Amino acid sequence: MTLGKETEMGLKELFKANAEDYMLLSFLADKLEAAGKKEEAKVLREKARVEFGHARGIFEKLYMHAGNSMLNEFTREEAEEHVSEYNNVAMKAKAEGHMDVEAMLCAYAEQEKDIAEATKRVSAMLNEFTREEAEEHVSEYNNVAMKAKAEGHMDVEAMLCAYAEQEKDIAEATKRVAKAL
């Protein structure tokens, strides 16, 4: 069952909030540990893990209900929104005289572009792999299985036919993943 628009938007906001809290608590724990406050750092790491668990649970629900569309949205956001946001804040930092912040954010914007490009390349690679898996590998397994059968090796035929079915499953799984990207 597809999530309602309000539920989906609410879950996305909760996911972002929990992920952000996890990162903030983890970073603060790192600073406390570096300052020698190991017990305080331990407490924050435990709380960070709880936030991580919340984010993971929410992500799983989102993925279960929105799967492919969620990953497609991620790729689009990486390519369009995140790069734009980094550049926008970088220009504001520059205008305020914070050249170090500008340089950092411009570098991050380039990395965001690279993430979007990598996602596209992985998708193309998976599409090619899926084609090969579905067409060539299954055919090869079946061809050798029929030769084994003709030669009276029913055990080899059975094994290769089972493997051919697994190859089909691999092709289907990679096809779904490629569509998701």
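The shown structure was predicted, so the numbers you read here are calculated from the model rather than taken from an experiment.

(A) Inspection of helix α1 (residues 5–34) at higher detail. The terminal C-alpha atoms of α1, which comprises 30 residues, lie 44 Å apart, in line with the 44 Å expected from a rise of 1.5 Å per residue. Taken residue by residue, α1 has L11, K12, N18, L25, S26 and A29 as its buried positions. Positive phi shows up at G36, right after α1, with a value of about 85°.

(B) Local environment of the confidence of the model for the protein. Residues at a pLDDT of 70 or more form 91% of the protein, whose mean pLDDT is 85. Across the protein, element-level confidence peaks in α1 with a mean pLDDT of 91 and bottoms out in helix α4 (residues 154–180) with 79.

(C) How the structure looks around the pattern of salt bridges. All chains considered together, the criterion is met by four salt bridges. Between E8 and K12 there is a salt bridge, and its shortest N-O distance comes to 3.1 Å. You can see E8 and its partner K12 sitting in helix α1, four residues apart, about one turn around the helix. Its salt-bridge partner being R45, residue D30 comes within 3.0 Å of it at the nearest N-O pair. Here D30 is found in helix α1, whereas its partner R45 is found in helix α2 (residues 38–95), with 15 residues between them in sequence. Look at D30 and you get partly exposed, because its relative accessible area is 41%.

(D) Quick peek at the side chain of E102. Following the sequence through the fold, E102 ends up in helix α3 (residues 99–150). Despite being buried, E102 has no salt bridge partner; K94 is the closest side chain of opposite charge, sitting 4.2 Å away. Residue contacts for E102: discarding those within four places in its chain leaves A90, M91, A93 and K94.

(E) Spotlight on the packing of aromatic side chains. This structure, assessed with the given rule, holds five aromatic pairs. Relative to Y63, the ring of F59 has its centre 6.1 Å away and its plane inclined at 20°; by these criteria the two rings are stacked. Here Y63 and F59 lie together in helix α2, a separation of four residues that amounts to about one turn. Judged by its relative accessible area of 30%, F59 falls in the partly exposed class. When its relative accessible area of 34% is taken as the criterion, Y63 is described as partly exposed. Their ring planes at 85° and their centres at 5.9 Å tell us that Y86 and Y108 sit as a pair that is edge-to-face.

Criteria and cut-off values
- Residues numbered from 1 in each chain as written.
- Predicted model: local features only at pLDDT ≥ 70, side-chain atom pairs only at ≥ 80, totals over all residues.
- Heavy atoms only, no water.
- Helix = DSSP H or I, 4+ residues; strand = E, 2+ residues; numbered from the N terminus.
- Expected span 1.5 Å × (residues − 1).
- Buried < 20%, exposed > 50% of the residue type's maximum accessible area, 1.4 Å probe, protein only.
- pLDDT = per-residue confidence, 0-100.
- Salt bridge = Lys/Arg side-chain N within 4 Å of Asp/Glu carboxyl O.
- Lys, Arg positive; Asp, Glu negative; His and termini not counted.
- Contact = heavy atoms within 4.5 Å.
- Phe/Tyr/Trp six-rings, centres within 6.5 Å; stacked < 30°, edge-to-face > 60°.

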